[in-house]
Amino acid sequence: MRRGGSGLAAVLPLLWLAVFFAFPFMLVGRLSLSDTALSIPPYTPRIDWNQGIAGLQTFARGLDIEAYARLISDTLYLDAWLSSLRLAGIATVLLLIIGYPIAYGISRCPPALRQALVMAVILPFWTSFLIRIYAWIAILKPAGVLNIALGALGLPSVDILNTEIAVLLGLVYAYLPFMVLPLYAVLDRQDHSLIEAAQDLGATPVSAFWRVTFPLSLSGAAAGALLCFIPMSGEFVIPDLLGGSETLMLGRVIWTEFFANRDWPAASAVAIALLATLLVPILLFERQQKQVIS
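Along each chain, residues carry numbers from 1 onward, in the same order as the chain's sequence is written. Thresholds applied to this predicted model are a pLDDT of at least 70 for local features of residues and 80 or more for the giving and counting of side-chain atom pairs; totals over whole chains, interfaces and linings are not thresholded and use all residues. In computing side-chain values, all of the structure's heavy atoms are included and hydrogens and water are not.

**Overview of the overall build of the protein**
For clarity, the threshold we go by: Secondary structure counts use DSSP, requiring at least four H or I residues in a row for a helix and at least two E residues in a row for a strand, with both numbered from the N terminus. Between buried and exposed lies partly exposed: a residue is buried under 20% and exposed over 50% of the maximum accessible area for its type, with that area taken using a 1.4 Å probe on protein chains only. Only heavy atoms matter for contacts: two residues are in contact if any of them lie within 4.5 Å across the pair. Where accessible areas are quoted, they stem from the Shrake-Rupley method and a 1.4 Å probe; at the residue level, only the protein chains shown are allowed to cover.
A count of helices and strands for the protein gives 14 helices and 2 strands. Here the protein, with 294 residues, has 36% of them falling under the buried criterion. For the protein, the proportion of contacts with a sequence separation of at least 24, taken over those separated by at least 6, is 69%. A total accessible area of about 17100 Å² is found for the protein, and carbon and sulfur atoms account for 71% of it.

Next up, the structure:
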């Protein structure tokens, strides 16, 4: 604080995390250890902050982890957890396959065209996320744009709405910019003289790409993969609108427990379990970002 406000600059991020992460996390943790009740709100807290240390001691003697035990005993939660990781993982791989050529092509364009293409990647963010996902319903429904186009080409219609395929399409579409932009940032900063040097030493363009360009872009690929995988694992809107009743993801389970079943302790326990699952990729992302900065 005595060095021209440098201490304040360090305190502000910690204050932000305390207000918008630590405090809400404590509230959710308190809810997950409460008892379900037919009341408003629909839970009975087992931690009473008004009693201070005495309240914590009373809680410790009667620790209730029923909500967490239910996560293990009920296969619904395990199936939703595995389905979330599987769909997020598949979508991340598809995003890498689709996003890398896009980012590579943009980075090799002339500067004026490059800026226009980057703007085209960002342009979907100017429209509401919900409206963009609703548009996919109009495309994928039985009488939608996709089947009309297939019929015009003499091809059989498809029925993929309310399936996992529709969810994957929605995930890839919604999170493609989060994959393209980190990849483009890394590819755009690469020294093109390295490719020329590799070709001068006898490497073909394809060999130079795999030996020089691709290894140097792995940091961007890792950043994009983590930026997509982490939020997709807890996605709610896309599986709710495009997935059927059998498409289970933890985001939908949390919403159902909170608003349909009004089981706030169970929903909070699922949220804590989701955060614990994503803790490893979050730490990997933080470590990767430090390496990129250094």
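Having put the structure on the table, let's press on.
**Section: helix α8 (residues 164-189)**
Note the threshold: One less than the number of residues in a helix, times 1.5 Å, gives the span that helix is expected to have. The term bend refers to the angle at a residue between two fitted axes, each drawn through seven residues, those ending there and those starting there.
Here α8 is 26 residues long and its end C-alpha atoms lie 37 Å apart, about the 38 Å a rise of 1.5 Å per residue gives. Roughly 50 degrees is the biggest bend found in α8, and it falls at Tyr-175, with proline Pro-177 one to four residues downstream.

**Quick notes on the pattern of salt bridges**
Stated formally: By definition here, a salt bridge exists when the distance from a side-chain nitrogen of Lys or Arg to a carboxyl oxygen of Asp or Glu is within 4 Å.
Evaluated as defined, the whole model comprises 4 salt bridges. Measuring nitrogen to oxygen at the nearest pair gives 2.9 Å for the salt bridge that ties Arg-114 to Asp-188. You can see Arg-114 sitting in helix α5 (residues 111-122) and its partner Asp-188 sitting in helix α8, a full 74 residues away along the chain. A relative accessible area of 18% means that Arg-114 is categorised as buried. Of the residues examined, Asp-188 reaches a relative accessible area of 30% and is grouped as partly exposed. The partner of Asp-240 in a salt bridge is Arg-252, and the shortest N-O contact between them spans 3.9 Å. Linking Asp-240 in helix α12 (residues 237-242) with Arg-252 in helix α13 (residues 250-260), this pair joins segments that are 12 residues apart in sequence. A relative accessible area of 34% places Asp-240 in the partly exposed class. You can call Arg-252 buried: its relative accessible area is 18%.

**A short note on the packing of aromatic side chains**
Using the following cut-off: Between 30 and 60 degrees the pair is tilted, below 30 it is stacked and above 60 it is edge-to-face, where a pair is any two Phe, Tyr or Trp rings, Trp via its six-membered ring, whose centres lie within 6.5 Å.
As enumerated under the stated definition, the model contains 15 aromatic pairs in all. A ring pair is formed by Phe-125 and Phe-178, whose centres lie 5.4 Å apart and whose planes are at 75 degrees; its orientation type is edge-to-face. Residue Phe-125 is found in the loop between α5 and α6 (129-140), and its partner Phe-178 is found in helix α8; the two are separated by 53 residues along the sequence. Ring geometry for Phe-258 against Phe-259: centres 6.2 Å apart, planes inclined by 45 degrees, an arrangement best described as tilted. Judged by its relative accessible area of 22%, Phe-258 falls in the partly exposed class. Joined through ring pairs, the aromatic side chains of Tyr-100, Tyr-104, Phe-209, Trp-210 and Phe-214 make up one cluster.

**Quick look at the side chain of Arg-132**
Condition: Think of it this way: Lys and Arg go in the positive column, Asp and Glu in the negative one, and His and the chain ends go nowhere. Any pair of nitrogen or oxygen atoms within 3.5 Å is treated as a polar contact; in protein, a donor-acceptor pairing is required on top of that, and neighbouring residues in sequence qualify only through side-chain atoms on both sides.
By the element assignment, Arg-132 lies in helix α6. The buried charged residue Arg-132 lacks any salt bridge, with Glu-235 as its nearest oppositely charged partner at 9.8 Å. Within polar-contact distance, the side chain of Arg-132 engages the backbone oxygen of Pro-124 at 3.0 Å. Apart from the residues within four sequence positions on either side, Arg-132 is in contact with Pro-124, Phe-125, Thr-127 and Tyr-173.

**What about the nonpolar core?**
Where a protein is soluble and globular, its nonpolar side chains tend to be buried together. The condition that has to hold: In these notes, a set of buried Ala, Val, Leu, Ile, Met, Phe, Trp, Tyr and Cys residues joined through side-chain atoms within 4.5 Å is what counts as a nonpolar core.
Among the nonpolar cores identified, the biggest contains 51 residues, and Leu-95, Leu-171, Tyr-175, Met-232, Ile-238, Leu-242 and Val-270 are the most heavily contacted of them. The element best represented in this core is α8, accounting for 12 residues. Not counting chain neighbours up to four residues away, the residues in contact with Ile-238 comprise Phe-129, Ile-133, Val-167, Gly-170, Leu-171, Ala-174, Tyr-175 and Gly-243. The next biggest cluster of nonpolar side chains, apart from the first, holds 5 residues, and it includes Ile-195, Ala-198, Ala-203 and Val-212.

**Let's talk about the confidence of the model for the protein**
Definition in use: By definition, pLDDT measures how confident the predictor is in each residue, and it falls between 0 and 100.
Chain-level statistics for the protein give a pLDDT mean of 84 and a share of 89% at 70 or above. Element-level pLDDT for the protein is lowest in helix α2 (residues 53-61), with a mean of 49, against a maximum mean of 94 in α8. Every residue in residues 57-62 scores below 50 in pLDDT, and together they form 5 contacts with partners more than four places removed in sequence or on other chains.

**Side note on the environment of Ser-207**
In this structure, Ser-207 sits in helix α10 (residues 205-216). Exposure remark for Ser-207: the relative accessible area of 23% places this residue in the partly exposed category. Sequence spacing of Ser-207 and Ile-195 is 12 residues, and the spatial spacing of their C-alpha atoms is 9.8 Å.

**As for unusual backbone geometry**
Not every positive phi belongs to a glycine, and Asn-162 is a case in point at roughly 65 degrees. Mapped onto the elements, Asn-162 comes out in the loop between α7 (145-152) and α8. By relative accessible area, Asn-162 is classed as partly exposed at 45%. You will see that Arg-262, though not glycine, has its phi angle at about 55 degrees, which is positive. Looking at the element boundaries, Arg-262 is found in the loop between α13 and α14 (264-293).

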